[in-house]
Amino acid sequence: MKITIKGQDYTVALDAAYPLTIERKLNEPSICQLWLSLPSNGSLAIPSRNQSLAVTGDNGTLYFTGYIAVSPLPEYAGLSIEGPLYRIAIQAMSDELLLDQLLMPASSGTTGETAGALMTSLVSHTGSTALSTAGLTLSAAVGNFVPDKGAPWSKSAGLAASQARAAYRAVNGALTLASV
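Within every chain, residues take consecutive numbers counted from 1 along the sequence as written. Residue-level local features of this predicted model are given only where pLDDT is at least 70; pairs of side-chain atoms are given and counted only at 80 or more, and the full residue set underlies all totals for whole chains, interfaces and linings. Calculated side-chain values reflect all of the structure's heavy atoms, with hydrogen atoms and water omitted.

(A) The overall build of the chain, seen in detail. Each helix corresponds to a stretch of at least 4 residues labelled H or I by DSSP, and each strand to a stretch of at least 2 residues labelled E; elements are numbered beginning at the N terminus. Scanning the chain for helices and strands turns up three helices and twelve strands. Dimensions of the chain, computed from C-alpha atoms along their principal axes, come out at roughly 65 × 35 × 25 Å. Per-residue accessibility, obtained with a 1.4 Å probe over protein chains only, is compared with the maximum for each type, and a residue is labelled buried under 20%, exposed over 50%, and partly exposed between these values. For the chain, with 180 residues in total, the buried portion stands at 41%. Counted over contacts in the chain with a minimum sequence separation of 6, partners at least 24 positions apart contribute 59%. Here the Shrake-Rupley method, with its probe set to 1.4 Å, supplies the accessible areas, and only the displayed protein chains count as covering residues. Carbon together with sulfur atoms contributes 54% to the accessible area of the chain, which is approximately 9,600 Å² in total. Contact criterion: two residues are considered in contact whenever any of their non-hydrogen atoms come within 4.5 Å of each other.

Laid out in C-alpha cells, this is it:
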C-alpha cells in the first residue's frame, strides 16, 4: 500500500497503532481516516487541510482519492531520544469534497432525464471542472427530480442516483455511475 499526500509519499509515516480505514456508503462521499507519526528530522511536512490524498495498492489499484477535510490534529505520543513525538490524525473525504464546497444554484428540478444526463447537469451547475463526467452513460430514466434547497452536491447526486436505482462514486477525478 502507498499513501501519497500532495504527491509526496507518506507510507513510512503510517502509524500502526491506529489502522487506516476507508468507509464507503451507498451514494455518499467516502471517508478515509489514518494516523501519521512523522519523522523528527523534518523530512515530511505536516499535512494541511484541502491537500490531496491517495491510497494505492501494491498492484496499482486506487482504493481512495480525495482531500483532507479537516485540519490535521496532533496528539502527543510520548518522548523519544530526539524529543517529543506526535501522531497526526488525518480525515479525508473523497473527490466530491470539491463540489460540496461550492453553492448549488436553486433549481425547480427536472423531469424525464436519464441518470447520466442528470448527474452531468448537477456537476455543470456547480461551475466546477474538478470531476470528469465522461463515464456517466447510464440511460436509466429518472421520472421527477427536485433537489433539496441548500443541499450540498453530494446529497443531490445521491438522491438522483437512488432514484435511478444506481450508485455513484468519485475516484481519481472522475465520476462513475452504475446500476445497482
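(B) Expanded view of the nonpolar core. Core analysis: the largest hydrophobic core is formed by 22 residues, its most contacted members being Met 119, Leu 122, Trp 153, Tyr 168, Leu 175 and Leu 177. Only helix 2 (115-126), strand 10 (141-145), helix 3 (153-163), strand 11 (166-171) and strand 12 (174-179) provide two or more residues apiece to this core. Take the buried residues of types Ala, Val, Leu, Ile, Met, Phe, Trp, Tyr and Cys, join any two whose side-chain atoms come within 4.5 Å, and each joined set is a nonpolar core. In this structure, Ile 3, Leu 36, Val 55 and Ile 68 belong to the second largest nonpolar core, which totals 16 residues.

(C) Up close: a nonpolar patch on the surface. The patch calculation keeps residues exceeding 30% relative accessible area without a salt bridge and links them within 9 Å when they carry like charges or within 5 Å when they are nonpolar (Val, Leu, Ile, Met, Phe, Trp, Tyr). When a carboxyl oxygen of Asp or Glu is within 4 Å of a side-chain nitrogen of Lys or Arg, the pair counts as a salt bridge. A cluster of nonpolar side chains, namely Tyr 76, Leu 79 and Tyr 86, defines an oily patch on the protein surface of about 380 Å² accessible area. Mapped onto the elements, Tyr 86 comes out in strand 8 (residues 83-94).

(D) The pairing of strand 8, seen in detail. Across seven bridges, the pairing between strand 4 (residues 31-37) and strand 8 is antiparallel. Counterpart to Ile 31 in the pairing with strand 8 is Met 93. Here strand 6 (residues 62-68) runs beside strand 8; their pairing, made up of three bridges, is antiparallel. Opposite Gly 66, over in strand 8, you have Ser 94 as the bridge partner. In this description, strands pair whenever DSSP reports at least two bridges between them. Of the pairings in the sheet, the one linking strand 7 (residues 73-80) to strand 8 comprises seven bridges and is antiparallel in character. By the bridge assignment for strand 8, Tyr 76 is matched with Tyr 86.

(E) Main features of the layout of surface pockets. As defined here, a cavity is a set of points on a 1 Å grid over the protein atoms alone where a 1.4 Å probe fits but cannot get out. A pocket is an open set with protein on both sides within 12 Å along at least five of seven lines, and residues line them when an atom is within 4 Å of a point. Grid points are joined across faces, edges and corners, and a volume is the space filled by probe spheres set on the points. Estimates place the volume of the largest pocket at around 190 Å³. Considering the residues around the largest pocket, the lining is formed by 14 residues, among which Leu 38, Pro 39, Ser 40, Pro 84 and Tyr 86 are closest to the centre. Of all the secondary-structure elements, those providing two or more residues to the lining of the largest pocket are strand 7 and strand 8. No other element matches the five residues that strand 8 contributes to the lining of the largest pocket.

By themselves, these are just geometric observations and shouldn't be taken as functional.
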